[in-house]
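Single-letter residue listing:
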Amino acid sequence: MTTATSSGRPVHVAVLGAGLQGVCIALELAGRGVSVDLVERDDLPLNRASLRNEGKIHLGFVYAKDASLATAEMMLDGALCFRPLLSRWTNGRFDRVARSRPFMYVVARDSLVSAERLAEHYEQVEQRHRERLAADPGLDYLGARPDRLWRPVERDVLPRVTSPDAAAAAFMTVEASIDLPATAALLRDVVATTPAIRFRPRRQVVGVQRTSAGFRVEGTEAGRAWSLQCDQVVNALWDGRLGVDATLGLRPQRAWSHRLKYRVLVELPPELRARSSMTIVLGAYGDVVVHPDGCGYVSWYPECLREWSDELVPPVTWDAPCRGVVPEAPARELARGALRATDRWFPGLAEARPVTVDAGTIFAFGDTDITDPASGLHRRDTIGVWSIDGYHSVNTGKLTTAPRFAVDAADAVFGCTGMARDAATGVYAR
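Residues numbered from 1 in each chain as written. Predicted model: local features only at pLDDT ≥ 70, side-chain atom pairs only at ≥ 80, totals over all residues. Heavy atoms only, no water.

It is worth spelling out the overall build of the protein at this point. Each helix and strand counted, the protein has 10 helices and 20 strands in total. For a compact globule of 430 residues, the expected C-alpha radius of gyration is about 22 Å, and the protein comes in at 22 Å, within 12% of that figure. On the principal axes, the C-alpha backbone points of the protein span a range of 70 × 50 × 40 Å. By the burial criterion, 57% of the 430 residues in the protein qualify as buried. Taking the intrachain contacts of the protein between residues at least 6 apart in sequence as the baseline, contacts between residues at least 24 apart amount to 73%. Surface accessibility of the protein: about 17500 Å² in total, with carbon and sulfur atoms responsible for 51%. Side chains of the protein give 52 positive and 52 negative charges; the mean places of these two sets differ by 3 Å. (Helix = DSSP H or I, 4+ residues; strand = E, 2+ residues; numbered from the N terminus. Rg over C-alpha atoms; globule rule 2.2 N^0.38 Å. Buried < 20%, exposed > 50% of the residue type's maximum accessible area, 1.4 Å probe, protein only. Contact = heavy atoms within 4.5 Å. Areas by Shrake-Rupley, 256 points an atom, 1.4 Å probe, with all protein chains shown as cover. Lys, Arg positive; Asp, Glu negative; His and termini not counted. Charge placed at Lys NZ, Arg CZ, Asp CG, Glu CD.)

Here you go:
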């Protein structure tokens, strides 16, 4: 099936950015018969922030500072359709991608939210989870429909899993991370074998202009000017999204920030490989992800957050670490500091062998750090797709919500074509 314009020509959409968000949008549009140019500055899709994070599929537990529950509900909705959508786009192959050990949430004694209030928040998330599963049998959390999402860790167990002088309490959850390299490899293959998607690598987008025929995407390729004409544009860039939006006169009405945060990938000692993954809450702490193959992810916020920018586009010096290029000496120093700091919470971690140090950019609304209880960084509810006359800008917010927003973005594209989907046949027509 090919989706056509009123003149009979196939609808042509440029999707900017081939991270998880852009790839999911391209696959959803291609499945609806749209001709897609997927534009990316790197050689490969999913090479930056979508690859260089903890891979956690959030149920909303970590956003307890948002008392409205709006952020938790948005994360929950994204998590429950994450696997079903990726499975559909990959013909079931995503279902075989490995998951990490489930997460234990360890509550710091100086947490911004008390253990009692966290338990109340988790129970509210639990209730909404039950409601969503009851309403839609097609939803699940990474292939499961668990009866319970969390439980308290008994106090006599706490000293065996973390430092009792630092931790006030702990909760065991079903949250998990996905294997990001395996996910990236799978989606790269699907993109390469989808005829309706033309992957355009090594193209740096600098702006978008409206034309009488739609839009012209402008940029550079190998130092030379490059452009692409299309009917509609979906801006799925991550750290460059605001700069491209601004070329059409579109700027956010709220303060924002870009943060450069490093991660350390390690080979875990054998005695740690059966441990639960860990998130320390709530404040400027960190995460440890334990994968079944003995690989681990570590990011200790005070050590690994290195730079902050409130510019439309982050500094060009961030580019190298976000592509995985970090000089050996600073990488070794950062890894040593992060492992030592996190060892207090995850005993034995200091003995792990660092394998990779790289970074990812975090974009969020908010101009004060997470140590501020009123910081906008504690919320991710004002995210998603924003559209105006065929131009669509997508603030992914978190990895968790990318598949859900891909469907929203495709719906927005079709809304601008004047076409609607017949629920019985799945065919789009005016």
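Under the defined criterion, the tally for this structure stands at 1 cavity of 30 Å³ or more. Volume-wise, the largest cavity comes out at about 70 Å³. Taken together, the residues of the lining of the largest cavity sort by class into 4 nonpolar, 4 polar and 4 charged. (1 Å grid on protein atoms, 1.4 Å probe; cavity = no way out; pocket = protein on both sides within 12 Å on 5 of 7 lines; lining within 4 Å. Points joined across faces, edges and corners; volume = space filled by probe spheres on them. Nonpolar A, V, L, I, M, F, W, Y, C, P; charged D, E, K, R; others polar.)

A separate point is the sheet that holds strand S6 (residues 197–200). The strands making up a sheet associate through backbone hydrogen bonding, with each pair oriented either parallel or antiparallel. In spatial order, the strands read S6-S2-S1-S10-S18-S17; together these 6 strands make up an open sheet with mixed pairing. The strands lining the two open edges of the sheet, one partner per strand, are S6 and strand S17 (384–388). Along the sheet, successive strands turn relative to each other by an average axial angle of 20°, direction set aside. Sheet strands touched by helix H1 (residues 20–31): strand S1 (12–16), strand S2 (35–39), S6, strand S10 (232–235) and strand S18 (391–395). Its angle to S2, the strand with the most contacts, is close to 170°. (Pairing = 2+ DSSP bridges. Axes fitted to C-alpha atoms, helices over the stretch in contact; angles between N-to-C directions.)

Another point: the pattern of salt bridges. Within the structure shown, the criterion is met by 33 salt bridges. Its salt-bridge partner being Arg32, residue Glu28 comes within 3.0 Å of it at the nearest N-O pair. Of the two residues examined, Glu28 and Arg32, each falls in the buried class. Linking Asp42 and Arg48 is a salt bridge whose minimum nitrogen-to-oxygen distance equals 2.8 Å. (Salt bridge = Lys/Arg side-chain N within 4 Å of Asp/Glu carboxyl O.)

Turning our eyes to something else, we now look at the sheet that holds strand S8 (residues 214–221). Judged by pairing direction, the sheet is antiparallel, and its 3 strands sit side by side in the order S7-S8-S9 without closing on themselves. Edge strands, defined here as strands with exactly one partner in the open sheet, are strand S7 (204–211) and strand S9 (224–230). When strand polarity is set aside, the average angle formed by the axes of neighbouring strands in this sheet is 25°. As judged from the 7 bridges shared by S7 and S8, these two strands associate in the antiparallel manner. In the sheet register, Gln204 faces S8, and the bridge partner there is Thr220.

Across its 20 residues, helix H2 (residues 70–89) extends 28 Å between first and last C-alpha, which sits within 8% of the 28 Å expected from 1.5 Å per residue. At Phe82, H2 shows its largest kink, close to 40°, and the proline Pro84 lies no more than four residues downstream. The element H2 is largely enclosed, with a buried count of 16 among its 20 residues. Where H2 ends, the next residue or the one after it, Asn91, has phi of about 55°, a positive value. (Expected span 1.5 Å × (residues − 1). Bend = angle between axes of the 7 residues up to and from the residue.)

Our next topic: the layout of surface pockets. Roughly 360 Å³ of volume is contained in the second largest pocket. Along its surface, the second largest pocket is lined by 16 residues, and Arg241, Asp245, Pro252, Phe365 and Trp386 are the ones closest to its centre. For the lining of the second largest pocket, the elements supplying multiple residues, two or more each, are helix H6 (241–246), S17 and S18. Looking at the lining of the second largest pocket residue by residue, the class counts come to 7 nonpolar, 5 polar and 4 charged.

Further remarks concern the nonpolar core. In terms of nonpolar packing, the biggest core is built from 78 residues, with Val15, Ile25 and Leu29 touching the most fellow members. With residues near it in sequence (within four places) discarded, Ile25 still touches Val15, Val234, Ala236, Val394, Ala406 and Ala409. Residues Val153, Ala167, Met278 and Val288 belong to the second largest nonpolar core, which totals 37 residues. (Core = buried A, V, L, I, M, F, W, Y, C linked by side-chain atoms within 4.5 Å.)

All right, on to the confidence of the model for the protein then. Confidence along the protein averages 95 in pLDDT terms, with 95% of residues attaining 70 or more. Taken as a whole, residues 420–430 scores under 50 in pLDDT and shows 20 contacts with residues more than four places along the chain or in a different chain. (pLDDT = per-residue confidence, 0-100.)

On to the packing of H1 against helix H5 (residues 180–192). Contact geometry for H1 and H5: axes closest at 11 Å, N-to-C directions at 35°. Our pair here, H1 against H5, has a crossing hand that is left-handed. Residues Leu20, Val23 and Leu27 of H1 lie in contact with H5, whose contacting residues are Leu187, Val190 and Val191. Tallied by class, the residues present in the contact of H1 with H5 amount to 6 nonpolar, no polar and no charged. (Left-handed = near helix turned anticlockwise from the far one by under 90°.)

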